[in-house]
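Chains, contacts and geometry: an overview
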Amino acid sequence: MKILKDLFLDELADMYDAEQRIVKALPKMAKAATCDDLKGAIEAHLKETEGHVKKLEQVFQAFHEKAKGKTCEATKGLLEEGDEIAAEFKGSPAINAALISAAQKVEHYEIASYGCLHEWAGLLGNAKAARLLVEILNEEKAADEKLTALARASSNEEAFGEAGADADAADAGKMAGKVPPGKGRKLVEASR
Ligand SMILES: [Fe+2]
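In this report, the structure presented in the accompanying data block is examined. Residue numbering note: each chain is counted from 1, following its sequence as written. It should be noted that, the model being predicted, local features are given only for residues of pLDDT at least 70 and side-chain atom pairs only at 80 or more, the latter also being counted only at that level, while totals for whole chains, interfaces and linings use all residues.

What follows covers the environment of A97. Note on conventions: DSSP H or I runs of at least 4 residues are helices, E runs of at least 2 residues are strands, and numbering of each starts at the N terminus. Of note, A97 is situated in helix α4 (residues 95-123). Sequence-wise, A97 and S154 are 57 residues apart; in three dimensions their C-alpha atoms are separated by 8.7 Å.

For the rest of this paragraph, the subject is the nonpolar core. Think of a nonpolar core as buried Ala, Val, Leu, Ile, Met, Phe, Trp, Tyr and Cys residues, each tied to the set through C-beta atoms within 7 Å. Put simply, a residue is buried when 20 or more other C-beta atoms lie within 10 Å of its own C-beta and exposed when 12 or fewer do; between those, it is partly exposed, and each C-beta is set from the backbone. Residues M29, L99, I100, L117 and L133 are the most contacted members of the largest nonpolar core, which totals 41 residues. The element contributing the most residues to this core is α4, with twelve residues. In this structure L99 touches M29, A32, A33, L38 and A86, once residues within four positions along its chain are discounted. By definition, residue pairs are in contact when their C-beta atoms, positioned from the backbone, come within 7 Å.

In this section: unusual backbone geometry. We note that H64 has phi near 55 degrees; this positive angle belongs to a residue other than glycine. Turning to its location among the elements, H64 is positioned in the loop between α2 (36-62) and α3 (73-88). The exposed category is assigned to H64, around which 6 C-beta atoms lie within 10 Å.

Before going further, it helps to examine the environment of K5. Mapped onto the fold, K5 is located in helix α1 (residues 4-32). On the basis of neighbour count, K5 is assigned to the partly exposed category, with 14 C-beta atoms found within 10 Å. Residues K5 and F63, spaced 58 residues apart in sequence, show a C-alpha to C-alpha distance of 9.4 Å.

Structure (structure tokens):
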């Protein structure tokens, strides 16, 4: 019968594969970004992601296991969608918003996965693994928040602004970015 440790190691192998795929994908995304701040944020996250690969190897070690990856179909699919949307919006003012949305989908998958792995490491009584996993989790959360801030600061506004034809959408986009989150949502909803 499979136990929690098997599930943990299975998920760990999934993320080990995912992080290596992300290391390969981020330089392409940075190149596609036309906003310098976004380019910089993606490059900074690439450095962190290389660190995540190393930290995951340490987590395997903490369980006396050899590091091994197992194809992460979810990350593979999300990155393929990211490639598609980047190609579709190349040269468009919405390219940065498109890249941010693709990157955030990957981040949210990682946040869910590391949240579980961190909890399970604790349940399995492995404090070292739990500490490494929460370090990765916190970096993923910070990267996600940075992307939200960038989207609000410029990319969404650029995308809406250049659309021009749909003035309501432009107003809604500006409102969502410039007023406090709770109020913004209400204003956007009210404008529909
Ligand atoms: Fe990561």
